Amino acid sequence: VENVRLLDRLSSRKAVLGTLYLTATHVIFVENGSETRKETWVLHSQISSIEKQATTATGCPLLIRCKNFQVIQLVIPQERDCHDIYISLIRLARPVKYEELYCFSFNPKLDKEEREQGWKLVDLNEEYNRMGVPNNYWQICDVNRDYGVCDSYPTEVYVPKSATAHIIVGSSKFRSRRRFPALSYYCKGNSASICRSSQPLSGFSARCLEDEQMLQAIRKANPGSDFIYVVDTRPKLNAMANRAAGKGYENEDNYSNIKFQFIGIENIHVMRNSLQKMLEVCELKSPSMSDFLWGLENSGWLKHIKAIMDAGIFIAKAVAEEGVSVLVHCSDGWDRTAQVCSVASLLLDPYYRTMKGLMVLIEKDWVSFGHKFNHRYGNLDGDPKEISPVIDQFIECVWQLMEQFPCAFEFNERFLIHIQHHVYSCQFGNFLCNNQKERRELKIQERTYSLWAHLWKNRAEYLNPLYRSDHSQTQGTLHPQIAPCNFLYKFWSGMYNRFEKGLHPRQSVTDYLMAVKEETQQLEEELEILGERLANLQKSQLGDNKIKNKQQDRSKELGLSTSNNSLANTPQEYCNDLKSFPSRSPSQGDEEDSALILTQDNLKSSDPDLSANSDQESGVEDLSCRSPSGGGCLPSEDSGKDSDEAVFLAG
Amino acid sequence: MLRSSQPLTGPNRKRCREDEALLGTILDEGDRGFIIDTRSAQAAKQARMTGGGTEPKSSYPQWRRLHRPMERGRPLQESFIKLVEACSDPSLSMDRWLGRLESSRWLSHVKAALSTACLAAQCMDREESNVLVHGAEGTDTTLLVTALAQVILDPSCRTLAGFQGLLEREWIEAGHPFHLRCARSASSHARLKQEAPLFLLFLDCVWQLSRQFPFSLEFGEHLLLTLFDNAYASAYGTFLCNSEKERSLCKVKESTHSLWAWLNQPEERQKFLNPLYSHNALVIWPSVEPQSIQLWQGLFLRWIRPSRHLDEAWEEIQRLVKEN
């Protein structure tokens, strides 16, 4: 469709004219005329909702909201076209068959062997071995080899040595969705472990010998402690309500040597609404500080993040400081349980703070343990009540920790943002379906590519320059401050305002430091080479000849210094109803080859010196605040009531 | 950019030819200037009743007046106190923290200050017009705006030396009454009438700029914290008294040492430098969206939040740059 206008969401006066294309996998907007012919690509899988708004004189507005928080505002000239596009997008954004998803047609031009290798990059067997199992207390169990015991668990799980097949099967019958207690993390240092399961079907008074034996087996697998914690991550009220439905939680009287603990984290519906509310705040046009802070508080989002973190901290403490094993569950053991186990593992084990380690962690606690990616993130059209930002919250917990411990993580913010992006993009096969069984049935590994291999290939972009594996922050357990600590939780504008470039710090410290590090390394290598040459020269010119000292030119003079100058920007319109407009942002969301995002510059954020090309100061290439000579901007009070100054600058 | 105090038009709309002439000489024929009044239109009008007022359009035809109300005085001090209380309240749960932060309104004041300074800067840089800034007395919000605007516009104000010069000019010599304004700070129960944290607000705004432009300021947070400390209590005479006149009467220069002299010693100076600094000749335009304005944890949570990990990160940055 031609003559479509793409509006800058923040400043509706700035619109770009172009052509809109719909393909089987993407929506593409191509700008007219400009030398760059900038393209905006949006994967159908990323589309969360489409809103047709009231037709105005200028055309029919269409608002596309994406799961990665990008918001695209189009204006289609003809109502008929707009309607057609709307209907088409509705259909395209709600695939019914897996085969419709992008991962089945995505072709990164790798051969079959490379594809296979990509899938082998993350090996859970290796991971369990690294942790220290199997050993005297833990063994691998294949009772689920045909998914006969639990269809949402993997074929192989680790269980205590004293848990026989009979006990496992018996316990599984007493657990919601048959998700029996299994090992999530083993702490080599003191034999304490984190196990996970779903809620017991205890109702008000039901008991199950095998399930009680299972918990005993877990306790016995840790000789260092004579009890285990059982942590129910639901609010007490919810858990109690479950009892009426024949489910519930462990009664300390029935299970010997357990200490039961509620750590209330709200359910998926509350979280879905919380995110919704927070995004509404992000969509406010020119909010005041007050609007923003109240909106954020009312959404409850940071409170939930903190609740997840607190649970993780509790468990990490129990394991590291008390040496006590913990069994974690929620209702079905695939949402809050996954969040809390992963956060605890991250705090406990520095390996998970490396790039590879995080991939392994997600593969273990989310992918293999049957987190319902399809239902939660809407790969296919499904029940909207199943949708919930569960893994998003975990990813945010990681970011919050990175902010508190800047030297402790091998990866940077961009790594997290890209992972989140691909949970929804369906460009790779890792996050398809709801469990391992479904993925194997669909032969995902033979028909799609692995995200991990892709990220690993580009790992230079994802490094944290402040990370040093020998740094004190990277050793051992992380201890986030517990109280007071409310202020430690920040709003993650890099994620939720990812595409609003004007909002972010104009200059990326991460990229700069990475460039500095690289350059230092290169210089050191050159120094070495020169040193060797010098030594050779000295040897061959036995003594009396003067050795010419080669002065090395610092020819690759820091694209570093030039980049800084050009990373200024254009001014906002410092008035209430017009937000800032685009300029350089480090967290571009510049993504994979075929998933270019709305950026005025398809620059990889890791090339700071490319920005030297455009004249930042007087107007970034295209989307500049090229206000008409009168200024056209209406500075007035924040509350926007000042009408008598309406046209002061235009005169 | 000019600064002054309010014109004394009073209830009878007095005129002053000399004042009009003074402002007239600044503008060429046909040029336009902007007056940024840091009071609301309402407040400015009411000021007439007590002898003050605004520049009437008829007498100053080439000047366009803009009102950008900014908080000062007692309310600003209350805002500061509320924020400090919220930060140090151990019983505050997460679901009430943001509300408390908001009801202190401190961040709103930061946003307003930055916006106004940017407006002044925009008038000069984009509109290429002269700007006159004043509030009521010309000693508080006026100085906040003019000083901040210069940091935004002028790269030389972003150097360590340039910033010191800016402070001398726009705060100290310009007559910000430090003695009155920086008396007891947030914890004291004595609510002094003249106390108000304008200077702190200025430092907070500069910190926001340093966060948004981490390469563009030659100094870092450490300098800003040091300035904050010294404004309230100092071994040096730099921030003493309320004006140059008082300093002269008290013989400050003869009987005390200058903060700048200490600060500029090579061993000390090092500690205040920003290892990421690289001269940026352009204007730095900050984002004033709520998401872009953050709580200055280094100041408000200084004694509450352990800074070890952040200090280590900073050391690592310095190490990386130094190695290179």
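Residues numbered from 1 in each chain as written. Chains lettered and ligands numbered in written order. Predicted model: local features only at pLDDT ≥ 70, side-chain atom pairs only at ≥ 80, totals over all residues. Heavy atoms only, no water.

1. A closer look at the overall build of chain A
So, point 1. A tally of regular secondary structure across chain A gives 20 helices and 14 strands.
So, point 2. Burial status across chain A gives 60% buried among its 651 residues.
So, point 3. Considering only intrachain contacts with a sequence separation of at least 6, the fraction spanning at least 24 residues in chain A is 70%.
So, point 4. Summed over all atoms, the accessible surface of chain A reaches about 25,700 Å², with 50% contributed by carbon and sulfur. (Helix = DSSP H or I, 4+ residues; strand = E, 2+ residues; numbered from the N terminus. Buried < 20%, exposed > 50% of the residue type's maximum accessible area, 1.4 Å probe, protein only. Contact = heavy atoms within 4.5 Å. Areas by Shrake-Rupley, 256 points an atom, 1.4 Å probe, with all protein chains shown as cover.)

2. So, the overall build of chain B
So, point 1. Secondary structure assignment for chain B yields 16 helices and four strands.
So, point 2. Expected size for 324 residues packed as a compact globule is a radius of gyration near 20 Å; at 21 Å, chain B falls within 12% of this value.
So, point 3. On the principal axes, the C-alpha backbone points of chain B span a range of 60 × 45 × 45 Å.
So, point 4. Counting across all 324 residues of chain B, residues that qualify as buried make up 56%.
So, point 5. In chain B, once contacts between residues fewer than 6 apart in sequence are set aside, the share between residues at least 24 apart is 78%.
So, point 6. Surface summary for chain B: the accessible area is close to 13,500 Å², and the carbon and sulfur share equals 52%.
So, point 7. Both charge centroids of chain B, one from 39 positive and one from 39 negative side chains, sit 6 Å from each other. (Rg over C-alpha atoms; globule rule 2.2 N^0.38 Å. Lys, Arg positive; Asp, Glu negative; His and termini not counted. Charge placed at Lys NZ, Arg CZ, Asp CG, Glu CD.)

3. Describing unusual backbone geometry
In terms of backbone geometry, most residues other than glycine have negative phi values and most peptide bonds are trans.
Residues and elements named next belong to chain A.
So, point 1. Omega for the peptide link from valine 133 to proline 134 comes to 5 degrees, which places this bond in the cis form.
So, point 2. One can find proline 134 in the loop between helix 3 (124–131) and strand 8 (138–141).
So, point 3. Of note in the backbone geometry, lysine 443 takes a positive phi value of approximately 55 degrees without being a glycine.
So, point 4. Judged by its relative accessible area of 45%, lysine 443 is partly exposed.

4. Looking at the nonpolar core
So, point 1. Judged by nonpolar contacts, the single largest core of 212 residues is most densely connected at Phe394 of chain A together with Phe163 and Phe202 of chain B.
So, point 2. For this core, the element with the most residues is helix 9 (residues 301–322) of chain A, which contributes 12 residues.
So, point 3. Among all residues touching phenylalanine 394 of chain A, those that are not within four sequence positions of it are Gln339, Ser342, Val343, Leu346, Leu358, Leu361, Ile362 and Trp366 of chain A.
So, point 4. With 19 residues, the next largest nonpolar core counts Leu6, Ile64, Leu74 and Leu89 of chain A among its residues. (Core = buried A, V, L, I, M, F, W, Y, C linked by side-chain atoms within 4.5 Å.)

5. Looking at the sheet that holds strand 2 (residues 33–37) of chain B
Residue and element names in this part refer to chain B.
So, point 1. With respect to topology, four strands assemble into an open sheet ordered 1-4-2-3, the strand pairing being parallel. Each edge of the open sheet is held by one strand with a lone partner, namely strand 1 (2–3) and strand 3 (63–67).
So, point 2. The sheet contact formed by strand 1 and strand 4 (residues 130–134) spans two bridges and is parallel. Residue pairing for strand 4: leucine 2 is matched across the bridge by leucine 132. (Pairing = 2+ DSSP bridges.)

6. Some thoughts on the packing of helix 7 (residues 160–173) of chain B against helix 10 (residues 221–232) of chain B
All names here are of chain B.
So, point 1. Where helix 7 contacts helix 10, the axes come no closer than 13 Å and their chain directions differ by 25 degrees. Here helix 7 is positioned roughly parallel relative to helix 10, judged by the angle of their axes. Helix 10 is crossed by helix 7, and the crossing has right-handed handedness. Of helix 10, the residues touching helix 7 (which contributes Leu160, Phe163 and Leu167) are Leu223, Leu224 and Leu227. (Axes fitted to C-alpha atoms, helices over the stretch in contact; angles between N-to-C directions. Parallel < 35°, antiparallel > 145°, perpendicular 65-115°, else oblique. Left-handed = near helix turned anticlockwise from the far one by under 90°.)

7. Focus: the pairing of strand 13 (residues 258–262) of chain A
Looking along a regular strand, one sees the side chains alternate between the two faces of the sheet.
Residue and element names in this part refer to chain A.
So, point 1. Pairing analysis gives five bridges linking strand 12 (residues 228–232) to strand 13, with the strands arranged parallel. By the bridge assignment for strand 13, isoleucine 228 is matched with isoleucine 258.
So, point 2. At this point the chain moves from strand 12, through helix 6 (residues 236–244), to the parallel strand 13, and the crossover so formed is right-handed. (Right-handed = clockwise from strand over helix to strand, strands pointing away.)

8. Re the sheet that holds strand 2 (residues 15–22) of chain A
In a beta sheet, neighbouring strands pair by backbone hydrogen bonds and run either parallel or antiparallel.
Residue and element names in this part refer to chain A.
So, point 1. The strand order across the open sheet built from seven strands is 4-3-2-1-7-6-5, with neighbouring strands paired in antiparallel fashion. The open sheet is flanked by strand 4 (39–43) and strand 5 (47–52), the only strands paired with a single partner. Sheet twist, expressed as the mean angle between neighbouring strand axes with direction ignored, is 30 degrees.
So, point 2. Alignment of strand 1 (residues 4–7) against strand 7 (residues 71–76), held across three bridges, turns out to be antiparallel. Residue arginine 5 lies in a different strand from strand 7, and its bridge partner there is valine 75.

9. With respect to the pattern of salt bridges
So, point 1. Applying the stated criterion across every chain, the model contains 43 salt bridges over all chains.
So, point 2. The salt bridge partner of aspartate 310 of chain A is lysine 306 of chain A, with a shortest N-O separation of 3.0 Å. Taken as a pair, aspartate 310 of chain A and lysine 306 of chain A lie in helix 9 at a separation of four residues, close to a single helical turn.
So, point 3. Taking the relative accessible area as the measure of exposure, lysine 306 of chain A reaches 14% and is therefore buried.
So, point 4. Residue arginine 32 of chain B is joined to glutamate 127 of chain B by a salt bridge in which the shortest nitrogen-to-oxygen separation is 3.8 Å. Of this pair, arginine 32 of chain B sits in the loop between helix 1 (17–26) and strand 2 while glutamate 127 of chain B sits in the loop between helix 5 (106–125) and strand 4, placing them 95 residues apart in sequence.
So, point 5. Exposure remark for arginine 32 of chain B: the relative accessible area of 22% places this residue in the partly exposed category.
So, point 6. The exposure class assigned to glutamate 127 of chain B is buried, which follows from its relative accessible area of 18%.
So, point 7. Connected via shared salt-bridge partners are Arg468 and Asp470 of chain A together with Glu316, Arg319 and Glu323 of chain B. (Salt bridge = Lys/Arg side-chain N within 4 Å of Asp/Glu carboxyl O.)

10. Here's the deal with the packing of aromatic side chains
Residues and elements named next belong to chain A.
So, point 1. For the structure on display, the rule yields 46 aromatic pairs over all chains.
So, point 2. Judged by centre distance (6.3 Å) and plane angle (85 degrees), the rings of phenylalanine 106 and tyrosine 449 are edge-to-face. Here tyrosine 449 lies in the loop between helix 16 (444–447) and helix 17 (451–457) and phenylalanine 106 lies in the loop between helix 1 (79–92) and helix 2 (112–120), a separation of 343 residues in the sequence.
So, point 3. Judged by relative accessible area, which is 9%, tyrosine 449 ranks as buried. (Phe/Tyr/Trp six-rings, centres within 6.5 Å; stacked < 30°, edge-to-face > 60°.)

11. Let's talk about the UniProt feature "coiled-coil region" (unreviewed entry) in chain A
So, point 1. UniProt feature "coiled-coil region" (unreviewed entry): in the numbering of this structure it lies at residues 513–540 of chain A.
So, point 2. Counting secondary structure, residues 513–540 of chain A comes out at 100% helix and 0% strand; the distance between its end C-alpha atoms is 40 Å. (UniProt positions renumbered as here; feature names shortened; annotations may be inferred.)

12. Section: the environment of serine 176 of chain A
All names here are of chain A.
So, point 1. Topologically, serine 176 is positioned in the loop between helix 4 (165–173) and strand 10 (182–186).
So, point 2. Residues serine 176 and phenylalanine 104 lie 72 residues apart in sequence; the distance between their C-alpha atoms is 33 Å.
So, point 3. Discounting residues that sit within four places of it in the chain, serine 176 has contacts with Ser198, Gln199, Leu201, Ser331 and Asp332.

13. As for the domain arrangement of chain A
All names here are of chain A.
So, point 1. Annotation of chain A at the domain level lists domain 1 (4–94) and domain 2 (125–501).
So, point 2. Listed as interface residues are 12 residues of domain 1 and, on the opposing side, 20 residues of domain 2.
So, point 3. When domain 1 packs against domain 2, close to 1,500 Å² is buried across both sides, 52% of that on carbon and sulfur atoms.
So, point 4. Along the contact surface separating domain 1 from domain 2 lie one salt bridge.
So, point 5. Put simply, arginine 65 and glutamate 283 hold a salt bridge, and the shortest N to O gap is 2.5 Å.
So, point 6. Taken together, the links from domain 1 to domain 2 amount to six residue pairs in polar contact (both at pLDDT 80 or more).
So, point 7. Tallied by class, residues from the side of domain 1 that touches domain 2 come to four nonpolar, four polar and four charged. (Domains from an automatic or database assignment. Buried area = accessible area lost by both parts, 1.4 Å probe. Polar contact = N/O pair within 3.5 Å; in protein donor to acceptor, adjacent residues only side chain to side chain. Nonpolar A, V, L, I, M, F, W, Y, C, P; charged D, E, K, R; others polar.)

14. Considerations on the UniProt feature "binding site: substrate" (unreviewed entry) in chain A
All names here are of chain A.
So, point 1. UniProt tags Asn267, Ile268, Cys330, Ser331, Asp332, Gly333, Trp334, Asp335 and Arg336 as "binding site: substrate" (unreviewed entry). In sequence the annotated residues extend across 70 residues, while in space they remain close, none of their C-alpha pairs exceeding 12.4 Å.
So, point 2. Here asparagine 267 is to be found in the loop between strand 13 and helix 7 (268–282).
So, point 3. Asparagine 267 has contacts with Asn238 and Arg336, leaving out every residue within four places of it along the chain.

15. With respect to the UniProt feature "domain: Myotubularin phosphatase" (unreviewed entry) in chain B
So, point 1. Per the UniProt record, "domain: Myotubularin phosphatase" (unreviewed entry) is annotated on residues 1–300 of chain B.
So, point 2. Across residues 1–300 of chain B one finds 49% helix and 6% strand; the C-alpha atoms that close the span lie 32 Å apart.

16. Things to note about helix 5 of chain B
So, point 1. Helix length check: helix 5 of chain B, at 20 residues, gives a terminal C-alpha distance of 28 Å against a target of 28 Å (1.5 Å per residue), a fit within 8%.
So, point 2. Most of helix 5 of chain B is tucked away, with 17 of its 20 residues classed as buried. (Expected span 1.5 Å × (residues − 1).)

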